[in-house]
Number of protein chains: 2
Amino acid sequence: MAATIRDVARVAQVSVASVSRALNGAASVHPETRARIAAAAASLGYVPHAGARSLSTARSHAIGVVLPDLHGEFFSELVRGLDREASARGYHLLLSNIHADADLAAQAIRAMRGLVDALVVMAPQIDTPALAAAIPERPPTVLINSRALPGRTGLSVDNHGGAAAMTRHLLGSGRRRIVHIAGAAGNIDARERLAGYRAALAGAPERVVAGDFQEESGAEAIRAFLAEGAEFDAVFAANDQMAFGALTALREAGIAVPGQVAVAGFDDVPLARHLGLTTIRIDIAQMGARAAALVLDEAQGAAAAPADLRIPATLVARTTT
Amino acid sequence: MAATIRDVARVAQVSVASVSRALNGAASVHPETRARIAAAAASLGYVPHAGARSLSTARSHAIGVVLPDLHGEFFSELVRGLDREASARGYHLLLSNIHADADLAAQAIRAMRGLVDALVVMAPQIDTPALAAAIPERPPTVLINSRALPGRTGLSVDNHGGAAAMTRHLLGSGRRRIVHIAGAAGNIDARERLAGYRAALAGAPERVVAGDFQEESGAEAIRAFLAEGAEFDAVFAANDQMAFGALTALREAGIAVPGQVAVAGFDDVPLARHLGLTTIRIDIAQMGARAAALVLDEAQGAAAAPADLRIPATLVARTTT
DNA sequence: CTGAAAGCGCTTACAG
DNA sequence: CTGAAAGCGCTTACAG
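Residues numbered from 1 in each chain as written. Chains lettered and ligands numbered in written order. Predicted model: local features only at pLDDT ≥ 70, side-chain atom pairs only at ≥ 80, totals over all residues.

A word on the relation of the copies chain A and chain B
Between the two copies of the chain lies a relationship made up of a rotation around an axis and a movement along it.
Turning to step 1, where the next piece is worked out: You can overlay chain A on chain B at an RMSD of 0.0 Å; the transform is a turn of 180 degrees with a shift of 0.0 Å along its axis. One copy is carried onto the other by what is essentially a two-fold rotation axis.
Turning to step 2, where the next piece is worked out: Taken together, the interface assignments show that 97% of the residues at the interface of chain A recur at the interface of chain B, consistent with an identical surface on both copies. (Least-squares fit on C-alpha atoms with pLDDT ≥ 70 in both. Contact = placed C-beta atoms within 7 Å.)

Notes on the sheet that holds strand S5 (residues 153-157) of chain A
Two strands in a sheet stick together by hydrogen bonds in their backbones, pointing the same way (parallel) or opposite ways (antiparallel).
Turning to step 1, where the next piece is worked out: Taking strand neighbours across the sheet as the criterion, the 12 strands line up as S11(A)-S5(A)-S4(A)-S3(A)-S1(A)-S2(A)-S2(B)-S1(B)-S3(B)-S4(B)-S5(B)-S11(B) in an open arrangement whose pairing is mixed. Strand pairing shows two members of the sheet lacking a second neighbour, strand S11 (308-311) of chain A together with strand S11 (308-311) of chain B, which therefore form its edges. Put simply, the sheet's adjacent strands are angled 20 degrees from each other on average, direction ignored.
Turning to step 2, where the next piece is worked out: Across four bridges, the pairing between strand S1 (residues 62-66) of chain A and strand S2 (residues 92-95) of chain A is parallel. Within S2(A), the position partnered with A:Gly64 by the bridge is A:Leu94. (Pairing = 2+ DSSP bridges. Helix = DSSP H or I, 4+ residues; strand = E, 2+ residues; numbered from the N terminus. Axes fitted to C-alpha atoms, helices over the stretch in contact; angles between N-to-C directions.)

Quick look at the interface of chain A and chain B
Turning to step 1, where the next piece is worked out: Between chain A and chain B, the contact holds 33 residues from the first and 32 residues from the second.
Turning to step 2, where the next piece is worked out: A per-element tally of the side of chain A that touches chain B places helix H5 (residues 72-88) of chain A first, with six residues.
Turning to step 3, where the next piece is worked out: A breakdown of the residues in the side of chain A that touches chain B according to their chemical character gives 15 nonpolar, 13 polar and five charged.
Turning to step 4, where the next piece is worked out: Taken together, the three bridges between S2(A) and strand S2 (residues 92-95) of chain B define a ladder with antiparallel strand orientation. Residue A:Leu93 lies in a different strand from S2(B), and its bridge partner there is B:Leu95. (Nonpolar A, V, L, I, M, F, W, Y, C, P; charged D, E, K, R; others polar.)

Thoughts on the protein's contact with DNA strand C
Turning to step 1, where the next piece is worked out: As a structural note, the neighbourhood of DNA strand C is formed by 25 residues, with A:Ile5, A:Ser20, A:His49, A:Ser56 and B:His30 the closest of them.
Turning to step 2, where the next piece is worked out: When residues of the surface near DNA strand C are traced back to their parent elements, those giving at least two are helix H2 (16-23) and helix H4 (50-57) of chain A together with helix H2 (16-23) and helix H4 (50-57) of chain B.
Turning to step 3, where the next piece is worked out: With five residues, H4(A) is the largest single contributor of residues to the surface near DNA strand C.
Turning to step 4, where the next piece is worked out: Residues of the surface near DNA strand C, tallied by class, amount to 11 nonpolar, 12 polar and two charged. (Near = placed C-beta within 6 Å.)

Looking at the sheet that holds strand S8 (residues 234-237) of chain A
All names here are of chain A.
Turning to step 1, where the next piece is worked out: Taken in spatial order, the four strands of this open sheet run S7-S6-S8-S9, and their pairing is parallel. In this open sheet, the two edge strands, each paired with only one partner strand, are strand S7 (206-209) and strand S9 (262-264). Pairs of neighbouring strands in the sheet enclose a mean axial angle of 20 degrees, with direction left out of account.
Turning to step 2, where the next piece is worked out: As paired strands, S8 and S9 are joined by three bridges and run parallel to one another. Note on S9: the bridge partner recorded for Val235 is Val263.
Turning to step 3, where the next piece is worked out: Packing of helix H10 (residues 215-227) onto the sheet brings it into contact with strand S6 (178-181), S7 and S8, and relative to S6 it is tilted by some 140 degrees.

In structure tokens form, the structure reads like this:
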């Protein structure tokens, strides 16, 4: 078995209280005692049992992270940002199992009781009542890309601003008939991007077609459009994946991009740069770091008033517009 | 404060022992008692304090995950696979802070004492002595893509087999002068891929140029090669990123791919499919799930003998060869 | 079937 | 500066 604080106390011939104080750098420990304890700890290879400490102090130094089924860069960058800030402040990340619906999310959150000092939850697909029911009073929680909840800090991408900027960019370059391929139904990001597109149309005709954020749905949308002989000179997809699908469908149909039709996406995934796709860039790692910082401030009592914060969404013009 | 087991006991008018037994589904609890306890727990919104339970039972139901600075798909797929298996068996994932060197890795591992029942460690850049020093006797540990350690289970990509298969594929399609762009020095994956290339050359001339797994190093390598007037008809890069760099350099030089020079990579990142890059595919999520399964088997006493397991690496031929 | 008690490995007032 | 003791919230032999 691994050495416990008792073993160290025995070897150093002091009480466990002194060992605890010495190892935690408390003020009042005689230098000689401290040295003896350090030597004993080293000789035993003693490492404090973090779980026991957490029970005594009622702090686990862990942030619970509850995420939906995320892929690729988004997931890795988000976790990277969370980890960056958490590590810098001496916290671990406890990942919940990936959840698909509100019930699973609530269950994941419950399972973290006594395990974490703070919670970062991302649940873009869960509606307000279900979300409110799932989020407990404690520990402090920051919501990422989720519906707003009164009294809780929310952090999300500036979907509305980004979509409006893209729409204006397309209008500004002379496009008039801009088709928007919407994201998954019920998804808050999808909804806000659609709203941003609408708000910026400034009288240009609105034309929305349903998608589900998958590449194939972007291709399907455009194929259906072309089949019915619809006219348009720009496609603004609610994410890059669907824009890639749109590009494929346009290529199949022999339509020049951006000559005849401009194409734009949202997210700036790595592939977008390689394909020259005009899109909206978001600094996901920054969003993660920011979320961790906010929730730890709250957990440590330095709470700012709950707010609805936005991570900037920046237009990146490339060759498809 | 959140309700504790004491509160439930008081409301249900039983001892805490009975509450514990009832809520853990122990055999011997009178149905009526059980019902009263369930009702009390529900009315109080009681959720057991997982940290306290873990101290009593000496099981945390968490797997510590110690990873280097990973990006994109590799990271997300690995964590997805780990999470899939861990969740299925009722375990959480505790992410250590991302480590850069052996000292940080050892520190991350130490910080997990008392927090996890098992450890999954990936440290391809750490040499054998440092790795041996960092990995403790307990808890059970499975190594991913790391150097082999006696008595411990290792799981890694079949780098040698994959690289050999790719080399044979290039030879089989008539290429004779195959340049290998090696990965980062000291990295075990890089080393094994190089060895696989060498083993399969079968008398064809060996030509190795240094790289560091970054896209730019692949481009640099090819530019330098072309500048010195070297002759070659194939480039096999130790990962896809460097292969993309090579493609760029060849395009700049007006060299036809695959007409004059074939290009191949390793990893099959998403971009590879879009660019038509011939490469080696690895099922990263499967590697994660497998690692979690192995380490939990060991933690739960169903230990198989330590072994050196390989995740298959499959050749995917596309348009660059 | 149920309860009183010890124990998991720490921390922290409280005395001295 | 140091120690004895209580306590964090659970679980689990041990009695009954």
